[in-house]
Amino acid sequence: MFPSKFDYHRPSSVQEAVQILSDNPDAKVLAGGHSLIPVMKLRLATPSALIDIGRIDALKGISRANGSLRIGACVTYNEIANSGVVQDAAPLLAEAAGQIGDRQVRYRGTIGGNLSHADPASDLPAAALALGATLHVSGPNGSRSVSASEFFVDLMMTSLQADEILTEVEISAASAGTGSAYVKFEHPASGYALCGAAAVVTRGAGGSCTGASLCFNGVSATAVSANGVAASLVGSDLSDGAIESAVSNLSIPDAAGDMFASAGYRQELAKAIGAQALRTARDRA
Amino acid sequence: MGISIELEVNGASVSEEVEPRLLLAHLLREELGLTGTKIGCDTSQCGSCTILLDGQAVKSCTVLAVQADGSEITTIEGLANGEYHPMQQAFWDNHGLQCGFCTPGMIISCVDLLSTNPQPSEDEIRHGLEGNLCRCTGYHNIVRAVQTAAETMNG
Amino acid sequence: MAGESNGAAGFGSSIRRREDPELITGRAKYTDDLQLAGMVYCTILRSDYAHAGINSIDTSEAEALDGVLGVYTAKDIEASGVPGGVPVGWLLPGLKTPEHYMLAKDTTRYVGDGVAIVVAEDQYTAHDALELIYVDYEPRDGVADPKKATADGAPLVHDDAPNNIAFDWEIGDKESTDAAFANAAHVASLDIVNNRLIPNAMEPRAALADYNNITGELVLYMTTQNPHIHRLLMSLASLGLPEHKIRVIAPEVGGGFGSKIHHYADEAIASWASMQVGRPVKWTATRTETYITDAHGRDHVTHGEMAIDADGRFIGLRVDTYAAMGAYLSTFAPAVPTYLYGTLMSGEYDLPAIYCHVYGVFTHTVPVDAYRGAGRPEATFIVERLVDEAARVTGLDPAEIRRRNFISPDAFPYQTQVALAYDSGNYIGALDKALEAIGYDDFRKEQAAAREQGKYLGLGLSTYIEACGLAPSAVVGSLGAQAGQWESAVVRVHATGKVTVYSGCSGHGQGHETTFAQIVASALGVPYDDIDVVEGDTGSMPHGWGTYGSRSAATGGSAIASAAEKVVDKARTIAAHLLEAAEEDIEFEDGNFFVKGSPDQSQSLPDVALQAYLAHNLPKGIEPALEATSFYDPANFVYPFGTHIAIVEVCSQTGNVTLQRYLAVDDVGNVINPMIVDGQVHGGIAQGIGQSLYETAVYDEGANLLSGTMLDYAVPKAHFMPSFETDRTVTPCPHNPLGVKGVGEAGSIASPAAVVNAVVDALSPFGVTHIDMPVTSEKVWNAMK
């Protein structure tokens with residue numbers, strides 16, 4: 001309940017923030033603080049300094065241009081969940097953001113903080129993965145882009161370098177004939193996903209599946225993509241039977257268990273929840 | 001190495017010099033004497049510390065005081081405006097509290113809920129309260145209270 | 001008396017609580033809200049090991065930290081000469097009572113055991129300093145499971161308790177019970193784990209101790225359900241201060257559920273620290289700290305069997321339980337799995353033979369003690385699960401087998417085979433009312449139709465009884481209690497006719513200020529608004545025993561009723577004198593005394609009170625002033641009962657259990673305030689639902705607490721449960737002046753069995769006969785495989 005001492009910096013630009021981060025190897029970036037402050041209160045994290053990027057306007061925008069949705073790192077879950085632009089261009093992201101934590105958490109927590117924290121049981125990583133999001137990152141040597149599939153490395157580990165800051169998330173706007181759904185089976189205490197399934201399907205003119213994606217939170221050390229299920233759906237009629245058959249062989253590598261739910265049960269949940277997400281996505285396509 | 005911050009708390013201007021690690025909940029309770037805001041957990045679960053920060057319900061145990069610099073804050077002490085807020089009244093009328101410890105945060109959260117969804121269904125109310133724990137009431141009468149307040153406020 | 005009226009606010013009316021305005025505005029002050037001049041803060045370093053020797057403790061770095069006033073260990077407490085003990089207050093024959101000191105001396109015995117104390121100028125520094133204390137531990141093996149802990153070779157919690165057995169207790173008649181089983185046509189048999197629970201009152205425990213080293217007086221504000229018990233134990237066992245030099249005050253208290261009954265080391269440590277630094281010292285537990293310090297609840301491993309004859313009648317019940325005590329014996333711990341458990345094994349049934357055997361077992365865990373229901377939920381769960389299993393093995397409907405075995409309404413008083421004498425009851429009445437309200441027959445049809453479509457619905461009954469209103473003092477004394485269980489009240493009528501009531505109970509959410517005033521309003525005929533109720537301050541009122549065990553209305557309310565009656569008797573004497581009439585001719589109605597037949601010539605209670613205070617014209621032998629004290633010792637326990645019904649749906653894909661309906665018909669006797677009684681029922685049900693579906697304290701094999709934070713331990717949320725349907729039957733208690741029983745624990749006693757019976761019913765097509773709590777989706781899913 002009582003964080004250790006730290007220095008506090010409040011840069012007014014990304015550039016300044018990156019500079020301070022480069023100068024302070026033990027520093028942590030503070031956005032909404034809803035991933036970081038809880039672990040600091042339990043003294044599981046004791047950074048020497050916090051760099052508060054929460055007031056940098058450049059990180060707070062939602063925009064859509066040229067078929068691309070761009071969301072600043074400091075945009076909150078609540079803003080994402082309720083943004084008409086996001087609901088239209090990436091409804092999956094809005095749906096997942098609306099299921100994170102609780103009302104209070106959604107007002108403060110940010111997409112950048114969430115993805116950088118890379119908690120596998122949080123709701124956004126699978127959505128970002130399923131949407132093929134591109135993450136824009138700034139460091140002392142300028143900016144670079146990373147695909148979501150390369151961003152999540154391991155349990156709470158990303159490919160962000162120690163002196164880099166996630167600045168923006170870019171997602172291709174949903175095309176016609178695409179439907180998506182995020183379905184979560186929540187841990188009764190934490191509200192995190194015991195298993196969360198993010199599904200995207202696209203139907204062609206004849207109704208058959210021309211593209212699919214199914215990703216999971218909560219089952220293993222990182223959000224994972226069930227490529228096999230997606231591949232076997234393409235070309236199918238997306239009937240309940242086709243979906244059942246596609247998920248029946250689903251096996252998530254390195255599924256992890258804990259005292260609340262075993263790895264094996266999480267695998268089974270993934271099938272049930274995954275199928276449900278796919279059916280809902282299909283109905284919305 | 002204190003940092004100067006300025007806030008408006010329940011309509012009054014406040015200037016404080018704070019340690020960066022000071023949590024907003026502690027600023028309110030210990031420095032400003034606003035002990036209506038409670039601290040019931042240390043993992044951001046229970047919602048007893050919920051306040052309105054620039055009009056939105058947040059858990060003040062998970063916000064640094066320095067992050068709130070320049071903000072407007074309403075705590076339970078600032079909710080009544082000469083008379084009880086309809087939500088306070090509804091909690092009283094419907095026996096929506098027993099020990100009262102979760103109540104300030106619960107009421108603030110419910111005020112926020114109705115501000116974004118003035119006519120929630122029972123299911124929406126129950127999900128809307130997922131950030132606030134109550135161990136006494138089984139939530140039954142809290143749900144009644146929110147329904148009553150919604151009726152009152154929708155006049 | 002219960003029938004007397006006082007406008008809309010007397011006995012029986014659902015008036016809003018007078019406690020609430022302060023609570024809904026944030027004005028009420030709980031312990032941690034208090035600040036005293038010069039106040040400093042105390043934190044406690046706790047063992048990270050379930051079991052370890054302490055080789056040495058280095059406090060030098062912590063002491064050197066700016067703002068730290070002192071760092072102390074057990075050696076310092078010993079050197080100060082205080083008794084330093086944290087004793088058990090209920091003794092059983094042969095009970096092992098190993099020393100429990102305020103801090104671990106050379107061995108830690110659970111994760112959370114106190115090791116060192118920091119006192120610092122502010123809370124942040126007090127927590128910083130904890131990280132600068134270096135303890136050289138020698139880790140040893142630990143054991144958490146109460147049955148495994150009794151195995152030969154299991155790590156010992158205390159060397160002088162072989163096989164970790166704290167006590168070996170039995171009740172009932174083994175021989176006749178074994179004979180019943182030998183003659184049984186059917187036997188229902190279950191192995192049941194009653195899951196360990198963490199209380200989670202929303203207000204964490206806290207203490208603010210202010211020791212005045214000039215006067216030698218200690219004022220201790222603390223989160224307590226029973227300030228007098230804490231004063232007593234603080235004086236006798238922990239601090240050695242004379243009892244009259246300690247004043248314990250319960251400010252607003254944010255829930256307890258048992259966890260604030262017990263005398264812990266922590267509040268004594270804050271007091272001792274104040275004695276060391278000569279300044280007020282505050283200690284406030286973090287939530288995570290409460291998980292490893294508040295006494296946990298339940299934690300039983302049980303084998304139970306019911307013998308049934310060819311007609312579906314119960315002829316014997318046999319129960320064998322291993323009950324965890326944790327690392328030390330908490331205040332009332334030995335009573336919980338014995339006299340509050342074994343004595344309830346008859347349930348609502350005419351059971352001719354019962355035998356219950358219990359081992360109380362030390363484990364390397366947080367001590368276990370009373371938690372809402374305390375022993376009675378565990379007993380009810382065994383009995384009601386076995387009754388459903390008996391229905392299954394006999395092929396009888398669960399409602400029918402209950403009906404066939406209930407104690408008949410005309411059989412009271414009914415002496416059970418396990419000590420209790422039930423004073424009243426009408427179990428069929430509550431069952432019928434509940435079955436009708438739920439639409440039992442229609443449900444069975446709906447259930448059958450749903451199964452056809454692969455949808456699994458289940459209905460669970462729990463027809464419960466409890467013994468509460470603790471308790472007749474001589475009875476509990478003969479059973480080992482080191483405390484009385486009577487209750488006190490002072491009813492003071494002031495000269496102006498206004499009334500202050502002092503009660504030895506100590507509410508923490510129950511609404512006593514409202515309901516006790518309602519009792520007095522009806523008894524004295526004084527307007528409700530003219531009556532104040534004061535509790536929770538050993539400096540203000542006679543000794544009382546506090547609020548727990550659903551006792552406040554039955555004992556505290558009865559004490560108030562008795563004191564009010566004494567006031568009326570005295571006032572009647574004075575009124576007769578003033579009216580120049582014989583006392584026996586004086587009537588008292590709605591607050592007025594008058595001569596029979598002449599109500600127009602009356603003396604109101606305020607009139608009489610004024611004369612009593614002026615004392616200018618009192619009858620001979622009557623002392624001035626108008627107040628009375630009562631110490632009420634109940635003649636028996638009270639026996640609330642009822643029927644609870646849960647309806648669940650089980651998802652065949654995920655195993656998820658959804659509670660669709662929950663209906664309760666309770667009989668708690670006469671009801672002082674129906675709104676408050678309903679609220680108590682709601683809360684109890686929610687806690688029982690929590691136990692049955694979500695909550696569990698998990699220790700690993702080495703006795704490390706895995707569910708160590710609120711992120712891991714699921715306190716139920718609003719969307720986990722439906723709105724509750726509640727109703728009542730009224731069978732007044734025959735032996736107390738108000739006819740009241742108790743309601744605080746009923747919901748948590750009845751509901752776990754209702755929910756689990758419902759889940760097992762839903763899963764009956766899969767051949768499932770039992771699932772342990774909490775019934776998580778994974779357990780259900782495995783059961784369906």
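Keep in mind that what you see is a predicted model, and the values were worked out from it rather than measured.

Analysis parameters
Residues numbered from 1 in each chain as written. Chains lettered and ligands numbered in written order. Predicted model: local features only at pLDDT ≥ 70, side-chain atom pairs only at ≥ 80, totals over all residues. Heavy atoms only, no water. Helix = DSSP H or I, 4+ residues; strand = E, 2+ residues; numbered from the N terminus. Rg over C-alpha atoms; globule rule 2.2 N^0.38 Å. Areas by Shrake-Rupley, 256 points an atom, 1.4 Å probe, with all protein chains shown as cover. Lys, Arg positive; Asp, Glu negative; His and termini not counted. Charge placed at Lys NZ, Arg CZ, Asp CG, Glu CD. Contact = heavy atoms within 4.5 Å. Phe/Tyr/Trp six-rings, centres within 6.5 Å; stacked < 30°, edge-to-face > 60°. Lys NZ or Arg CZ within 6 Å of the ring centre and 35° of its normal. Buried < 20%, exposed > 50% of the residue type's maximum accessible area, 1.4 Å probe, protein only. Arc of directions from axis to C-beta. Patch = residues over 30% accessible without salt bridge, like charges linked within 9 Å, V, L, I, M, F, W, Y side chains within 5 Å. Salt bridge = Lys/Arg side-chain N within 4 Å of Asp/Glu carboxyl O. Buried area = accessible area lost by both parts, 1.4 Å probe. Nonpolar A, V, L, I, M, F, W, Y, C, P; charged D, E, K, R; others polar. Domains from an automatic or database assignment. Polar contact = N/O pair within 3.5 Å; in protein donor to acceptor, adjacent residues only side chain to side chain. Pairing = 2+ DSSP bridges. Axes fitted to C-alpha atoms, helices over the stretch in contact; angles between N-to-C directions. Core = buried A, V, L, I, M, F, W, Y, C linked by side-chain atoms within 4.5 Å. Parallel < 35°, antiparallel > 145°, perpendicular 65-115°, else oblique. Left-handed = near helix turned anticlockwise from the far one by under 90°. pLDDT = per-residue confidence, 0-100.

(A) Up close: the overall build of chain B. Counting its secondary structure elements, chain B contains 5 helices and 5 strands. In sequence order, chain B lays out its α and β elements as β-β-α-β-β-β-α-α-α-α. At 15 Å, chain B has a C-alpha radius of gyration in line with the 15 Å of a compact globule built from 155 residues. Summarising its shape, the C-alpha atoms of chain B cover approximately 50 × 30 × 25 Å along the three principal directions. Here chain B has roughly 4700 Å² of accessible surface; of this, 42% comes from carbon and sulfur atoms. When the 7 positive and 20 negative side-chain charges of chain B are each reduced to one mean point, those points stand 13 Å apart.

(B) Expanded view of the overall build of chain A. A count of helices and strands for chain A gives 12 helices and 14 strands. Taken against the 2.2 N^0.38 rule, which gives 19 Å for 285 residues, the C-alpha radius of gyration of chain A at 19 Å falls within 12% of a compact globule. In chain A, the share of contacts with a sequence separation of at least 24, taken over all contacts with a separation of at least 6, comes to 60%. Separation between the mean location of the 20 positive side-chain charges and that of the 26 negative ones in chain A comes to 6 Å.

(C) Region of interest: the packing of aromatic side chains. Residues and elements named next belong to chain C. According to the stated counting rule, one finds 26 aromatic pairs over all chains in the structure shown. Judged by centre distance (4.9 Å) and plane angle (55 degrees), the rings of Tyr456 and Phe766 are tilted. Taken together, the positions of Tyr456 in strand S18 (residues 456-465) and Phe766 in the loop between helix H18 (746-762) and helix H19 (777-784) put the pair 310 residues apart, joining distant regions of the chain. Measuring from ring centre to ring centre gives 4.4 Å for Phe588 and Phe593, while their planes differ by 25 degrees; the resulting arrangement is stacked. The side chain of Lys105 reaches across the aromatic face of Tyr101, ending 4.2 Å from its centre. In this structure, Lys174 packs its charged tip against the face of Tyr355, placed 6.0 Å from the ring centre.

(D) Here's a closer look at H19 of chain C. For H19 of chain C, every residue scored as buried is listed here: Ser777, Glu778, Val780, Trp781 and Met784 of chain C. Viewed end-on, H19 of chain C has its buried residues packed into an arc of 160 degrees, placing them on one side of the element. Packing partners of the buried residues in H19 of chain C comprise strand S11 (178-186) and helix H12 (263-284) of chain A together with strand S26 (641-650), strand S27 (657-667) and H18 of chain C.

(E) Examining a negative patch on the surface more closely. Together, Glu565, Asp569, Glu583, Glu584 and Asp585 of chain C make up a negatively charged patch on the protein surface. Mapped onto the secondary structure, Glu565 of chain C falls in helix H15 (residues 552-578).

(F) Fine view of the interface of chain A and chain B. Facing 33 residues of chain A, the contacting portion of chain B comprises 36 residues. Summing both sides of the interface, chain A and chain B together bury roughly 2800 Å²; the carbon and sulfur share of this comes to 54%. On the chain A side of the contact with chain B, Met1, Arg103 and Gln104 of chain A bury the most area, a combined 25% of that side's loss. Its salt-bridge partner being Lys59 of chain B, residue Asp102 of chain A comes within 2.6 Å of it at the nearest N-O pair. For the side of chain A that touches chain B, the secondary-structure elements that each account for two or more residues are strand S1 (7-9), helix H2 (36-41), strand S3 (49-52) and helix H6 (103-108) of chain A. The element contributing the most residues to the side of chain A that touches chain B is H6 of chain A, with 5 residues. Across the side of chain A that touches chain B, the residue classes tally to 13 nonpolar, 8 polar and 12 charged.

(G) Molecular detail of the domain arrangement of chain B. Residue and element names in this part refer to chain B. Under the domain assignment, chain B is made up of domain 1 (3-79) and domain 2 (86-154). Both sides together, the interface formed by domain 1 and domain 2 hides about 1200 Å², and carbon and sulfur atoms give 67% of it. Along the contact surface separating domain 1 from domain 2 lie 0 salt bridges. Along the contact surface separating domain 1 from domain 2 lie 5 residue pairs in polar contact (both at pLDDT 80 or more). Looking at the side of domain 1 that touches domain 2, the elements that each hand over two or more residues are strand S3 (50-53) and strand S4 (56-59). Class assignment for the residues of the side of domain 1 that touches domain 2 results in 7 nonpolar, 10 polar and 2 charged.

(H) Quick peek at the pairing of strand S25 (residues 626-632) of chain C. All names here are of chain C. The alternating pattern of S25 places Leu626, Ala628, Ser630 and Tyr632 on a buried face, while none of Glu627, Thr629 and Phe631, on the opposite face, is buried. By the bridge criterion, 7 bridges tie strand S19 (residues 487-493) to S25 in an arrangement that is antiparallel. Its bridge partner lying in S25, Arg492 is registered against Glu627.

(I) The sheet that holds strand S23 (residues 592-595) of chain C, seen in detail. Residue and element names in this part refer to chain C. Strands sit in the order S22-S23-S24 across an open sheet of 3 strands; the sheet is antiparallel. Two strands lie at the open edges of the sheet, namely strand S22 (586-589) and strand S24 (598-604), each paired on one side alone. The mean inter-strand angle of the sheet, taken between neighbouring strand axes irrespective of direction, is 35 degrees. In the sheet, S23 pairs with S24 via 4 bridges, with the strands oriented antiparallel.

(J) Just the nonpolar core, in detail. Ranked by size, the top nonpolar core spans 255 residues in total, and within it Phe216 of chain A, Phe91 of chain B together with Ile689 of chain C carry the most contacts. Of all hydrophobic cores here, the second largest spans 46 residues; its members include Val501, Ile531, Ala563 and Ala612 of chain C.

(K) Representation of the interface of chain C and chain B. Contacts between the two partners involve 57 residues from chain C and, on the opposite side, 50 residues from chain B. Both sides of the chain C and chain B interface together cover about 4600 Å² of buried area, and 54% of this is carbon and sulfur. Counting the surface chain C buries against chain B, the share from its top three residues, Ile24, Tyr124 and Met202 of chain C, is 18%. Applying the counting rule to chain C against chain B returns 6 salt bridges. Across the pair Asp93 of chain B and Arg16 of chain C runs a salt bridge whose closest N-O atoms are separated by 2.6 Å. Where chain C packs against chain B, one counts 34 residue pairs in polar contact (both at pLDDT 80 or more). Contributing elements (two or more residues each) for the side of chain C that touches chain B: helix H1 (20-24), helix H4 (123-130), helix H8 (287-291) and helix H17 (674-694) of chain C. Tallying contributions element by element places H17 of chain C first for the side of chain C that touches chain B, with 8 residues. Of the residues in the side of chain C that touches chain B, the class split is 26 nonpolar, 20 polar and 11 charged.

(L) Summary view of the packing of helix H2 (residues 86-93) of chain B against helix H3 (residues 103-116) of chain B. Residue and element names in this part refer to chain B. Contact geometry of H2 with H3 gives a least axis separation of 9 Å together with a crossing angle of 125 degrees. In terms of orientation, H2 lies oblique with respect to H3. Crossing of H2 over H3 shows right-handed handedness. Note on element contacts: H3 touches H2 through Thr103, Met106, Ile107, Cys110, Val111 and Leu114, opposite Met87, Gln88 and Phe91. Partitioning the contact of H2 with H3 into residue classes produces 7 nonpolar, 2 polar and no charged.

(M) Examining the confidence of the model for chain B more closely. For chain B, per-residue confidence averages 97 on the pLDDT scale, and residues scoring 70 or more make up 99% of the total. The ipTM assigned to the predicted complex is 0.99, against a pTM of 0.98.

(N) Representation of the domain arrangement of chain A in the model. Residue and element names in this part refer to chain A. Splitting chain A by domain gives domain 1 (7-52), domain 2 (57-172) and domain 3 (178-284). Taking only C-alpha atoms into account, the centre of domain 2 sits 20 Å from that of domain 3. At the interface, 22 residues of domain 2 touch 21 residues of domain 3. Summed over both sides, the interface of domain 2 with domain 3 buries roughly 1600 Å², with 58% coming from carbon and sulfur. On the surface where domain 2 and domain 3 come into contact, there are 2 salt bridges. Our count for the domain 2 to domain 3 interface comes out at 13 residue pairs in polar contact (both at pLDDT 80 or more).

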